[in-house]
Amino acid sequence: MGRACTVYNGKGGYSKDGIARINQDIIYTVMTRLELARLSTEIDKIDKNAFIVMGVVKDIKGGMIKKKPLK
């Protein structure tokens, strides 16, 4: 989608049945609200069971913040 991201190495906790979960990557990125529908579609193509956390960002400073035309 043309956005920068940070990939964290994640290690799952234990489930209800006591079995340890495998290590997984955690992808962190910042999107505009107009891009959320496309992001959701792309995530569903890759992993229908993906765990997604969304939050409102009040302010951003630094990084590669550029206005790009929506496609």
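The structure we're discussing is the one just above.
Reference entry: report on the structure contained in this document. (Residues numbered from 1 in each chain as written. Predicted model: local features only at pLDDT ≥ 70, side-chain atom pairs only at ≥ 80, totals over all residues. Heavy atoms only, no water.)

### A look at the overall build of the protein chain
Here is step 1 of the chain: Helix and strand counts for the protein chain stand at one helix and two strands.
Here is step 2 of the chain: Seen in sequence order, the protein chain has helices and strands lined up from the N terminus as β-β-α.
Here is step 3 of the chain: The buried share of the protein chain, reckoned over its 71 residues, is 6%.
Here is step 4 of the chain: Partitioning the contacts of the protein chain with sequence separation of at least 6, the portion at a separation of at least 24 is 38%.
Here is step 5 of the chain: Of the roughly 7200 Å² of accessible surface on the protein chain, a fraction of 56% belongs to carbon and sulfur atoms. (Helix = DSSP H or I, 4+ residues; strand = E, 2+ residues; numbered from the N terminus. Buried < 20%, exposed > 50% of the residue type's maximum accessible area, 1.4 Å probe, protein only. Contact = heavy atoms within 4.5 Å. Areas by Shrake-Rupley, 256 points an atom, 1.4 Å probe, with all protein chains shown as cover.)

### Things to note about the pairing of strand β2 (residues 23-28)
Here is step 1 of the chain: In terms of burial, β2 is a largely surface element, zero of the six residues being buried.
Here is step 2 of the chain: Relative to β2, strand β1 (residues 6-11) runs antiparallel, the two sharing six bridges. Pairing of Asn9 across the sheet is with Asp25, part of β2. (Pairing = 2+ DSSP bridges.)

### Things to note about the pattern of salt bridges
Here is step 1 of the chain: Scanning all chains against the criterion turns up two salt bridges.
Here is step 2 of the chain: With a shortest N-O distance of 3.1 Å, Arg3 and Glu35 are connected by a salt bridge. Within this pair, whereas Arg3 is found in the segment before β1, its partner Glu35 is found in the loop between β2 and α1 (36-46), the two being separated by 32 residues in sequence.
Here is step 3 of the chain: Given a relative accessible area of 29%, Arg3 falls into the partly exposed group.
Here is step 4 of the chain: Between Lys45 and Glu42 there is a salt bridge whose closest N-O contact spans 3.3 Å. In this pair, Lys45 and Glu42 both sit in helix α1, three residues apart, roughly one turn of the helix. (Salt bridge = Lys/Arg side-chain N within 4 Å of Asp/Glu carboxyl O.)

### Considerations on a nonpolar patch on the surface
Here is step 1 of the chain: A contiguous nonpolar patch, built from Tyr8, Ile26, Tyr28, Val30, Val57 and Ile60 and spanning about 560 Å² of accessible area, is present on the exposed surface.
Here is step 2 of the chain: Inspection of the secondary structure assignment puts Val57 in the segment after α1. (Patch = residues over 30% accessible without salt bridge, like charges linked within 9 Å, V, L, I, M, F, W, Y side chains within 5 Å.)

### Looking at the environment of Leu39
Here is step 1 of the chain: Mapped onto the fold, Leu39 is located in helix α1.
Here is step 2 of the chain: Residues Leu39 and Met1, 38 residues apart in the sequence, show an inter-C-alpha distance of 7.9 Å.

### What to know about the environment of Asn9
Here is step 1 of the chain: Note on placement: Asn9 falls in strand β1.
Here is step 2 of the chain: The exposed category is assigned to Asn9, whose relative accessible area is 71%.
Here is step 3 of the chain: Each C-alpha atom, one on Asn9 and one on Asp25, is 4.9 Å from the other, the two residues being 16 residues apart in sequence.

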